Amino acid sequence: MSGQYIIRRLLIMLPVILGISLIIFTIVRVIPGDPAYILAGPHATQEQMDQIRAQLGLDKHPVTQYLIFLKNLFRGDLGTSTRTGLPVIREIMTRFPNTLLLALASILLATVFGVTIGIIAGVKQNSKFDYLSMLVALLGLSMPVFWLGLMLMLLFSIKLGWFPAVGADSFKHLVLPAITLGANSTAIIARMTRSSMLEVIRLDYIRTARAKGLAEKVVILRHALKNALIPVVTVIGLQTGTLLGGAVLTEIVFAWPGIGRLLVEAILSRDYPVVQGVVLLVAIVFIFVNLIVDIIYSYLDPRIRYH
Amino acid sequence: MKMMKEIRRKSISGFVVLLALGFFFYLTAGLMGSSFAQTKPAEVKVKPAEAKPAEAKPADKPKPVAAKPKPKVPQKLIIAQGTDVLSMDINHVTDAPSFAVLDHIVETLLKLTPAGEIAPLLAEKWEVSADATEYTLKLRKGVKFHDGTPFNAEAVKVNFDRRLDPKAATRFGLLVAPIASVTVVDDLTIRIKTKFPYAPMLANLTHQANAIQSPASIKASWEKPVSKPVGTGPFMFKEWVTGSKMVMVRNDDYWGPKPALEEVTFRAIPDDAARVVALETGEVHVAVRIPPFDIPRLKANPKITIDNTASVRTIYMGLNNTQAPLTDKRVRQALNYAVNKEAIVKHILGGIGRVSDAPLSPGIFGYTPIKTYEYNIEKAKALLAEAGFPKGFEITLHPAVGRYYMDVSVATAVAADLLKVGVKADIRMMEWGTYLPFVLRDREVAEHKIFMLGWGCVTGDADYGLYALFHSGEWPKKGNAAAFYKNENVDNLLEAARRTAKPEERKKLYKDAMTIINDDAPWIFLHSESQVTGIRANVKGIVVHPTERVIAREAKIE
């Protein structure tokens, strides 16, 4: 894995971000709906609405608006939220760590449980454990996030009183949202690990390892797992990206103050700067996650070389 | 032998890896601790906040009966709304939840009692000129803003200067548009002159959008929203975690009755079900907008009380009076007879609402019951036939989506009722941000035919509820009269009702106007909303105001 390669990947990020900024800038302005209307509300005079429109910079030509946006972007200024008047960066930064925490917790749960279950199910193919775990995985895939969240709330918050239902005030508050969000990913990772494991176990070199007299545990964990994990790592990378964006439903159900909710609210109120800011941020994170995934590949499989 | 060691080593290292992961995770959580609240509200327990054990009090009380001292309950209230407060500047918000929050910190000159009367607040006395153009208010003495600056006529003037300055672009312009000038008469007297006779001026002064902020605070941020609210209210701003919660603490120097509460937190819990759960677990003390289907269960819960208060918000299906076949009054009346409003309120709203018997909600000054169009399919069909539509017609119907209580369900029920008389309504759903500009277009380009809207008469004065919606000068895009209704008699009556300051006269004029409006049926009149709020049984003194505010000024936790 050459340093050159990493630097090249990072440099390519720039035009990609630029392209994304242009796309999202255009899309929000093409969607019907006028931010000035929404901001001013029904009790405003026409005069005030025009004033607000001017304040938002929306009375200028779209190309001018884009150039202003780019200029500010290069200065690190993502603009101000049209709804709250606060800097977009501040709006995002008060919430992004929460989403990041939730996504990381979920993906950690999903990885630990998913990989473990997948390995056992793959090694003990067709056993009771295998059938049971794959059934549970199917459930995990099919359950709507929204429903699962509310069910967990009913059981663990109301009936048992073990965990709080809403908010992000403490560690305890993380548990239910993380389980809710991670359920889907756990299922996917478990199934992926299992099928990958099944493939790898049948390969010749595994037979060789066993013939050498190595303990089964060593065969599985040292020799088979590394290769089996390659497709799994891909899935984990993709899932992380999805979780960052798809945490919206979980965030809404648990009133978790993250960027998913922020993005939805911004779209509904046509808060252009916030929408643009959040999408750009998520894009950057996604690109980084992919880069890390690729680096992990090369450690898992020395045959993979980048130039 | 060696292999056992090998396995054990591997197991241990595997275990260590897991431990390391767990530790890393814990560290991350700690690092992210900045996003966790520093001050955990004491009520974030899962069991309802009951009394904390008191410290032992000395037994040498003078009373012969050794009364057990009442345990001290932390007076920290948590209220859950559906959305977060949108700005710290009360002049820059337009939504009821934001007003409800900021209302505790910044106060208005006059207040509207829950019964709908104008009462003193920061102003003690007032005089109105006979022609309703001059309003002289005597302000309360000895009041200070939270930043120590004095409250006086000059402070009020600065606030209205900002409200009237187009560059400051403050919201709710309709409330101050009639103002011509605001002058300081003396340190504690202010005079407001209006451009034309405008009797509702006092009512407008009760609205939170006209609350008085510290001049120092707004001067420092004239054209941008202030970053923290500085007012004269019983609570002071403490912190705002955007999207999550806003915390305020008791103002010990408050000019009025001091609150029993030390601290009030407003949380945003957007999901209805989650908000109810939070109320049931005790994580919040008050939850607004309880969905109808949860009400029986909550009523049966001894730890929760349900408050049902009427709202000043009227929900209606507007009819585009300038587009056939809605130009014909008989058609519009027929549609009113065709819709079973009682059934809608009973079954879709779960009884939470009140069928409209006037274009205004009760409790508003100027309201009198006129009549409801009773549910009568035969009459509807007869009128349609008379108007030339014996077989009905096709038309589009736009519900509001996610804006009002059960809005889509109500609109669907209306469409189903219309079908019974042959009117085939094609339901077109639009997300609110797209919908609002759509129904507020110019008459020439307007495409809406039957459209659902609500209007909160937030000043408690009939003028605000009628003029904006039924005066022909208020057609979009200038105004909100999206039904494009025009009746010169109504115009004259509404204008006359502004010109006189005599309440009895005004009431009569509004009654006449509403009678004509009701007969002309520019809308399908539906219902007024009700507000259903869930409150923990050990919290007393919460007031739910018809203008959609939860007021915690006098609340306490037992």
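The structure displayed is predicted, hence computed values, not measured ones.

Some remarks on the overall build of chain B
Phase 1: Looking only at helices and strands, chain B features 15 helices and 21 strands.
Phase 2: A separation threshold of at least 6 residues defines the contact pool for chain B, and within that pool the share at least 24 residues apart is 69%.
Phase 3: Entry remark: accessible area of chain B is about 23200 Å², with carbon and sulfur atoms responsible for 57%.

Notes on the overall build of chain A
Phase 1: Of regular secondary structure, chain A possesses 13 helices and zero strands.
Phase 2: Going residue by residue from the N terminus, the α and β elements of chain A occur as α-α-α-α-α-α-α-α-α-α-α-α-α.
Phase 3: In terms of overall dimensions, chain A has a C-alpha envelope of 85 × 55 × 30 Å along the principal axes.
Phase 4: The buried share of chain A, reckoned over its 307 residues, is 51%.
Phase 5: Considering only intrachain contacts with a sequence separation of at least 6, the fraction spanning at least 24 residues in chain A is 73%.
Phase 6: Surface exposure of chain A reaches about 14200 Å², of which carbon and sulfur atoms provide 71%.
Phase 7: The positive charge centre, built from 27 side chains, and the negative charge centre, built from 16, are 12 Å apart in chain A.

What to know about the sheet that holds strand β5 (residues 134-139) of chain B
Residue and element names in this part refer to chain B.
Phase 1: Pairing is antiparallel in the open sheet, where four strands are placed in the order β4-β5-β7-β6. At either margin of the open sheet sits one strand with a lone partner, and together these are β4 (123-128) and β6 (179-186). The sheet shows a mean angle of 20° between the axes of neighbouring strands, direction not considered.
Phase 2: Here β6 runs beside strand β7 (residues 189-194); their pairing, made up of six bridges, is antiparallel. Note that in β7 the partner of Ser-181 across the bridge is Lys-193.

Let's talk about the pattern of salt bridges
Between side chains of opposite charge, a pair can form when the charged atoms approach closely.
All names here are of chain B.
Phase 1: Under the criterion given, the structure shown has 37 salt bridges over all chains.
Phase 2: The shortest N-O distance in the salt bridge between Glu-447 and Arg-441 comes to 3.2 Å.
Phase 3: With a relative accessible area of 46%, Glu-447 lands in the partly exposed category.
Phase 4: A relative accessible area of 26% means that Arg-441 is categorised as partly exposed.
Phase 5: For the salt bridge of Lys-508 with Asp-512, the shortest nitrogen-to-oxygen distance reads 2.9 Å. Here the residue Lys-508 and the residue Asp-512 both occupy positions in helix α15 (residues 503-520), the gap between them amounting to four residues, near one helical turn.
Phase 6: Classification of Lys-508 by relative accessible area gives exposed; the value is 52%.

Thoughts on the pairing of strand β15 (residues 423-427) of chain B
Residue and element names in this part refer to chain B.
Phase 1: In terms of strand pairing, strand β14 (residues 393-398) meets β15 through five bridges, oriented parallel. Bridging across to β15, Glu-394 finds its partner in Lys-424.
Phase 2: With helix α11 (residues 407-419) bridging β14 and its parallel neighbour β15, the resulting β-α-β unit is right-handed.

Observations concerning the interface of chain A and chain B
Phase 1: Each side of the interface is counted separately: chain A has 62 residues, and chain B has 61 residues.
Phase 2: Surface buried jointly by chain A and chain B totals about 5200 Å² across both partners, of which 65% is contributed by carbon and sulfur atoms.
Phase 3: Per-residue buried area on chain A facing chain B is highest for Tyr37(A), His43(A) and Asp169(A); these three make up 15% of the total on that side.
Phase 4: Across the contact surface, chain A and chain B share two salt bridges.
Phase 5: If you list the elements that add at least two residues to the side of chain A that touches chain B, you get α2 (35-40), α3 (46-55), α5 (88-123), α7 (145-159), α8 (172-201), α10 (216-246), α11 (248-253) and α12 (259-268) of chain A.
Phase 6: The dominant element in the side of chain A that touches chain B, judged by the number of residues it contributes, is α5(A), at twelve residues.
Phase 7: Of the residues contributing to the side of chain A that touches chain B, the split by class is 34 nonpolar, 18 polar and ten charged.

Side note on the packing of aromatic side chains
The description of an aromatic ring pair rests on the distance of the ring centres and on the angle between the ring planes.
All names here are of chain B.
Phase 1: If you walk through the whole model with that rule in mind, you get 19 aromatic pairs over all chains.
Phase 2: Aromatic side chains Tyr-316 and Trp-523 sit 3.5 Å apart centroid to centroid with 5° between the ring planes, which places their arrangement in the stacked category. Placement of the pair is Tyr-316 in strand β12 (residues 304-319) and Trp-523 in strand β17 (residues 523-536), with a sequence separation of 207 residues. No difference in accessibility class separates Tyr-316 from Trp-523, as the two residues are buried.
Phase 3: Aromatic pair Trp-523 and Phe-525: ring centres 5.7 Å apart, planes at 55°, arrangement tilted.

A closer look at the nonpolar core
Phase 1: One finds Met246(B) and Val414(B) to be the most contacted residues of the largest nonpolar core, which totals 150 residues.
Phase 2: Counting residues per element, this core draws most heavily on helix α13 (residues 462-470) of chain B, which supplies seven residues.
Phase 3: If near-sequence neighbours (up to four positions away) are discounted, Met246(B) is found in contact with Val85(B), Met88(B), Val101(B), Leu102(B), Ile105(B), Pro229(B), Phe237(B), Glu239(B), Trp240(B), Val264(B), Thr265(B) and Phe266(B).
Phase 4: Listed in part, the 53 residues of the second largest apolar core include Leu101(A), Ala247(A), Trp256(A) and Leu300(A).

Let's talk about α15(B)
Phase 1: Its 18 residues place the ends of α15(B) 26 Å apart at the C-alpha level, agreeing with the 26 Å of an ideal helix rising 1.5 Å per residue.
Phase 2: Its buried side turned inward, α15(B) meets α8 (329-338), α13, α14 (488-499) and β17 of chain B.

Brief notes about a nonpolar patch on the surface
Phase 1: Taken together, the side chains of Leu132(A), Leu135(A), Val136(A), Leu138(A) and Leu141(A) present a nonpolar region at the surface, about 460 Å² in accessible area.
Phase 2: Considering the arrangement of structural elements, one finds Leu138(A) in helix α6 (residues 128-142).

Quick notes on the confidence of the model for chain B
Residues shown with low pLDDT carry predicted positions that ought not to be read at fine detail.
Residue and element names in this part refer to chain B.
Phase 1: Per-residue confidence for chain B gives a mean pLDDT of 87, with 87% of residues at or over 70.
Phase 2: Here helix α1 (residues 2-31) stands out as the element of chain B with the lowest mean pLDDT, 53, in contrast to strand β11 (residues 286-287), whose mean of 97 is the highest.
Phase 3: pLDDT under 50 marks residues 27-63. Its contacts with residues more than four places away, or in other chains, come to 58 contacts.
Phase 4: The complex prediction reports pTM at 0.83, with the ipTM value standing at 0.84.

Notes on the side chain of Ser106(A)
Residue and element names in this part refer to chain A.
Phase 1: Summarising the element assignment, Ser-106 is placed in helix α5.
Phase 2: Classification of Ser-106 as buried rests on a relative accessible area of 0%.
Phase 3: At a separation of 2.7 Å, a polar atom in the side chain of Ser-106 contacts the main-chain carbonyl oxygen of Leu-102.
Phase 4: Non-local contacts of Ser-106, meaning those with residues more than four positions away in its chain, are made with Ala-178, Leu-181, Gly-182 and Leu-243.

Some words on the environment of Pro32(A)
Phase 1: One can find Pro32(A) in the loop between α1 (3-30) and α2.
Phase 2: Not counting the four nearest positions on each side in its chain, Pro32(A) is found in contact with Arg270(A) and Thr434(B).

A look at the pairing of β7(B)
All names here are of chain B.
Phase 1: One ladder, built from five bridges, connects β5 with β7; its direction is antiparallel. What sits directly across from Lys-138, in β7, is Thr-189.
Phase 2: In sequence, β6 turns back onto β7 through a hairpin of two residues.

What about the environment of Ala482(B)?
All names here are of chain B.
Phase 1: The residue Ala-482 is located in the loop between α13 and α14 in this model.
Phase 2: When its relative accessible area of 2% is taken as the criterion, Ala-482 is described as buried.
Phase 3: Separated by 31 residues in the primary sequence, Ala-482 and Phe-451 place their C-alpha atoms 8.9 Å from one another.

Description of the packing of α7(A) against helix α6 (residues 272-281) of chain B
Two quantities define a packed helix pair, namely the angle between the axes and the distance from one axis to the other.
Phase 1: Interhelical geometry of α7(A) versus α6(B) gives an angle of 5° and a closest axis separation of 11 Å. Put simply, α7(A) runs roughly parallel to α6(B). Residue-level contacts link Leu150(A), Met153(A), Ser157(A) and Ile158(A) of α7(A) to Ala273(B), Ala274(B), Val277(B), Glu280(B) and Thr281(B) of α6(B).
Phase 2: The residue makeup of the contact of α7(A) with α6(B), split by class, is six nonpolar, two polar and one charged.

Section: the side chain of Ser129(B)
All names here are of chain B.
Phase 1: Mapped onto the elements of the fold, Ser-129 is located in the loop between β4 and β5.
Phase 2: Side-chain polar atoms of Ser-129 contact the side chain of Asp-131, separated by 2.6 Å.
Phase 3: Only 3.2 Å separates the side chain of Ser-129 from the backbone nitrogen of Thr-133, close enough to count as a polar contact.

Parameters at a glance
Residues numbered from 1 in each chain as written. Chains lettered and ligands numbered in written order. Predicted model: local features only at pLDDT ≥ 70, side-chain atom pairs only at ≥ 80, totals over all residues. Heavy atoms only, no water. Helix = DSSP H or I, 4+ residues; strand = E, 2+ residues; numbered from the N terminus. Contact = heavy atoms within 4.5 Å. Areas by Shrake-Rupley, 256 points an atom, 1.4 Å probe, with all protein chains shown as cover. Buried < 20%, exposed > 50% of the residue type's maximum accessible area, 1.4 Å probe, protein only. Lys, Arg positive; Asp, Glu negative; His and termini not counted. Charge placed at Lys NZ, Arg CZ, Asp CG, Glu CD. Pairing = 2+ DSSP bridges. Axes fitted to C-alpha atoms, helices over the stretch in contact; angles between N-to-C directions. Salt bridge = Lys/Arg side-chain N within 4 Å of Asp/Glu carboxyl O. Right-handed = clockwise from strand over helix to strand, strands pointing away. Buried area = accessible area lost by both parts, 1.4 Å probe. Nonpolar A, V, L, I, M, F, W, Y, C, P; charged D, E, K, R; others polar. Phe/Tyr/Trp six-rings, centres within 6.5 Å; stacked < 30°, edge-to-face > 60°. Core = buried A, V, L, I, M, F, W, Y, C linked by side-chain atoms within 4.5 Å. Expected span 1.5 Å × (residues − 1). Patch = residues over 30% accessible without salt bridge, like charges linked within 9 Å, V, L, I, M, F, W, Y side chains within 5 Å. pLDDT = per-residue confidence, 0-100. Polar contact = N/O pair within 3.5 Å; in protein donor to acceptor, adjacent residues only side chain to side chain. Parallel < 35°, antiparallel > 145°, perpendicular 65-115°, else oblique.

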